[in-house]
Amino acid sequence: MMTDEQSRPDGAGADGTGTDGTGADGAGARGAEPQVRTKSTKRMFAAATLTFEIFVVFFGALVAFGLKLASVADIAIGGGAVVLLAIIAAALLRSRVGYVLGHLVQLCLIAAGFVVPMMFLVGALFAAAWVFGIVSGARVDREKAAYARALNDRIR
């Protein structure tokens, strides 16, 4: 039979305290500062862009189907592959692979312009949003980290 402390991956008991009397995050009686986990702005922008692109690919596929610009099988396979690639890229954004796949999604979206010409413009706009989100998000993440370090140094 497992106790609450053994069943929780962070070693915390049912009341949130750790097995050593501290809080679940390791702070508590010893006076240690709790570590604040911040979300990556870069990852948030990238995930938002990829999510919107899933809808754009779906609606672009509907346009190609409605205008009979390609066979139904080609539209379904091509659109489905790009949607799947975007989902996988969004899921892997914690690693560099996710961003590489995200770049590939941008290229696919622009290349969709060969089937639906308006997708050249839409793909270029989303590629610009992707680059802006990656660059600006990385800058914001660096600034947040510098602020946290400065605040930590001031507290100590």
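Everything here concerns the structure above.
Values in this document were obtained by computation on a predicted structure and should not be read as measured data.

Calculation rules
Residues numbered from 1 in each chain as written. Predicted model: local features only at pLDDT ≥ 70, side-chain atom pairs only at ≥ 80, totals over all residues. Heavy atoms only, no water. Phe/Tyr/Trp six-rings, centres within 6.5 Å; stacked < 30°, edge-to-face > 60°. Lys NZ or Arg CZ within 6 Å of the ring centre and 35° of its normal. Axes fitted to C-alpha atoms, helices over the stretch in contact; angles between N-to-C directions. Helix = DSSP H or I, 4+ residues; strand = E, 2+ residues; numbered from the N terminus. Parallel < 35°, antiparallel > 145°, perpendicular 65-115°, else oblique. Left-handed = near helix turned anticlockwise from the far one by under 90°. Contact = heavy atoms within 4.5 Å. Nonpolar A, V, L, I, M, F, W, Y, C, P; charged D, E, K, R; others polar. Buried < 20%, exposed > 50% of the residue type's maximum accessible area, 1.4 Å probe, protein only. Salt bridge = Lys/Arg side-chain N within 4 Å of Asp/Glu carboxyl O.

For the rest of this paragraph, the subject is the packing of aromatic side chains. All told, the structure shown has three aromatic pairs when counted by the stated rule. For the pair Phe114 and Phe120, a centre-to-centre distance of 5.1 Å together with 85° between the ring planes defines the contact as edge-to-face. Directly above the aromatic system of Tyr99 lies the positively charged group of Lys42, at a separation of 4.6 Å from the ring centroid.

On to the packing of helix 3 (residues 72–91) against helix 4 (residues 96–111). Running from amino to carboxyl end, helix 3 crosses helix 4 at an angle of 155°, the nearest separation of the two axes being 8 Å. Put simply, helix 3 runs roughly antiparallel to helix 4. With respect to the hand of their crossing, helix 3 and helix 4 are arranged in left-handed fashion. Of helix 4, the residues touching helix 3 (which contributes Val82, Leu85, Ala86, Ile88 and Ala89) are Gly98, Leu101, Gly102, Leu104, Val105 and Cys108. Broken down by class, the residue content of the contact of helix 3 with helix 4 amounts to nine nonpolar, two polar and no charged.

With that settled, consider the environment of Ile88. Within the fold, Ile88 resides in helix 3. Overall, the relative accessible area of 38% leaves Ile88 in the partly exposed class. As a C-alpha pair, Ile88 and Gly102 span 14 residues in sequence and 8.9 Å in three-dimensional space.

We now examine the pattern of salt bridges. Scanning the model with the defined rule gives one salt bridge in all. Between Glu143 and Arg139 there is a salt bridge, with the nearest N and O atoms lying 3.6 Å from each other. Separated by four residues within a single helix, Glu143 and Arg139 lie in helix 5 (residues 118–155), roughly one turn from each other. Its relative accessible area of 46% is what places Glu143 among the partly exposed residues. Overall, the relative accessible area of 41% leaves Arg139 in the partly exposed class.

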